[in-house]
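Residue strings, one per chain:
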Amino acid sequence: MTYDRDNVFAKILRREIPNKTVYEDDYVLAFEDIAPQAPVHVLVIPKGEYVSLSDFAAHASEAEIAAFFRAVATVAEKTGVAETGYRFLANCGRDANQEVPHFHVHVFGGRRLGRMLPPPRA
Ligand code: AMP
């Protein structure tokens, strides 16, 4: 899948759309999700053009990958959920309902998060 430069996160990275930044460095931007599903709901995205986790794992540099995982932990610290606990989640592709085709992880916290997945539909 080729990278779509018109996706909403590409526009956020170009500052064409505003965001509430939680953390930023040379490789990563983290910002509040526009439709939060928990008291803390932050999106962490690489600044490079990667469609999905699979694309990122296959093509990102080791520096980008290291910075990305460190940024997730930094977001947990900065939002105050490192102690109480948090979940990070990446939707990848159709069956996971990935809506934005720029690799991102969600960081959730600030309440008990319940089961990892809802039970399968009958
Ligand atoms: P996913 O289904 O994993 O692709 O998640 C995409 C996420 O992006 C959703 O949780 C949306 O609420 C979020 N989102 C979409 N547009 C924006 C935006 N402009 N600013 C912040 N979050 C956004």
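Residues numbered from 1 in each chain as written. Predicted model: local features only at pLDDT ≥ 70, side-chain atom pairs only at ≥ 80, totals over all residues. Heavy atoms only, no water.

1. Concerning the site of the ligand
- Not every one of the 16 residues close to the ligand is listed here, only the nearest: Asp33, Asn91, Glu99, His104 and His106.
- Within the backbone of Asn97, a nitrogen or oxygen atom sits 3.1 Å from an oxygen atom of the ligand.
- Considering the ligand on its own, with 510 Å² of exposed area, one finds that the protein chains cover 85% of that surface.
- For the ligand, the cavity whose grid points lie within 2 Å of the majority of its atoms is the largest pocket.
- Looking at the shell around the ligand, the elements with two or more residues in it are α1 (8-13) and β2 (28-32).
- Here the shell around the ligand gets three residues from one element, more than from any other, and that element is α1. (Near = heavy atom within 4 Å. Polar contact = N/O pair within 3.5 Å; in protein donor to acceptor, adjacent residues only side chain to side chain. Areas by Shrake-Rupley, 256 points an atom, 1.4 Å probe, with all protein chains shown as cover. 1 Å grid on protein atoms, 1.4 Å probe; cavity = no way out; pocket = protein on both sides within 12 Å on 5 of 7 lines; lining within 4 Å. Sits in = over half its atoms within 2 Å of the grid points. Helix = DSSP H or I, 4+ residues; strand = E, 2+ residues; numbered from the N terminus.)

2. Here's the deal with the pairing of strand β3 (residues 40-46)
- Most of β3 is tucked away, with seven of its seven residues classed as buried.
- Taking every second residue as pointing to the same face, both faces of β3 are buried, with Val40, Val42, Val44 and Pro46 on one and His41, Leu43 and Ile45 on the other.
- In the sheet, β2 pairs with β3 via five bridges, with the strands oriented antiparallel. Looking at β3, one finds that Leu29 is bridged to Ile45.
- Pairing analysis gives five bridges linking β3 to strand β5 (residues 105-109), with the strands arranged antiparallel. Each bridged residue has a counterpart across the sheet, and for His41 the counterpart in β5 is Phe108. (Buried < 20%, exposed > 50% of the residue type's maximum accessible area, 1.4 Å probe, protein only. Pairing = 2+ DSSP bridges.)

3. Quick notes on the nonpolar core
- Judged by nonpolar contacts, the single largest core of 20 residues is most densely connected at Val42, Val44, Phe68 and Val75.
- In terms of residue count, the dominant contributor to this core is helix α3 (residues 62-78) (six residues).
- One finds Phe9, Ile12, Phe31 and Ile45 within the second-largest nonpolar core, a separate group that totals seven residues. (Core = buried A, V, L, I, M, F, W, Y, C linked by side-chain atoms within 4.5 Å.)

4. Details of the layout of surface pockets
- In this model, the largest pocket occupies a volume close to 900 Å³.
- Around the largest pocket, the lining comprises 33 residues; the ones closest to its centre are Asp33, Ala35, Gln37, His41 and His106.
- Broken down by class, the residue content of the lining of the largest pocket amounts to 18 nonpolar, eight polar and seven charged. (Points joined across faces, edges and corners; volume = space filled by probe spheres on them. Nonpolar A, V, L, I, M, F, W, Y, C, P; charged D, E, K, R; others polar.)

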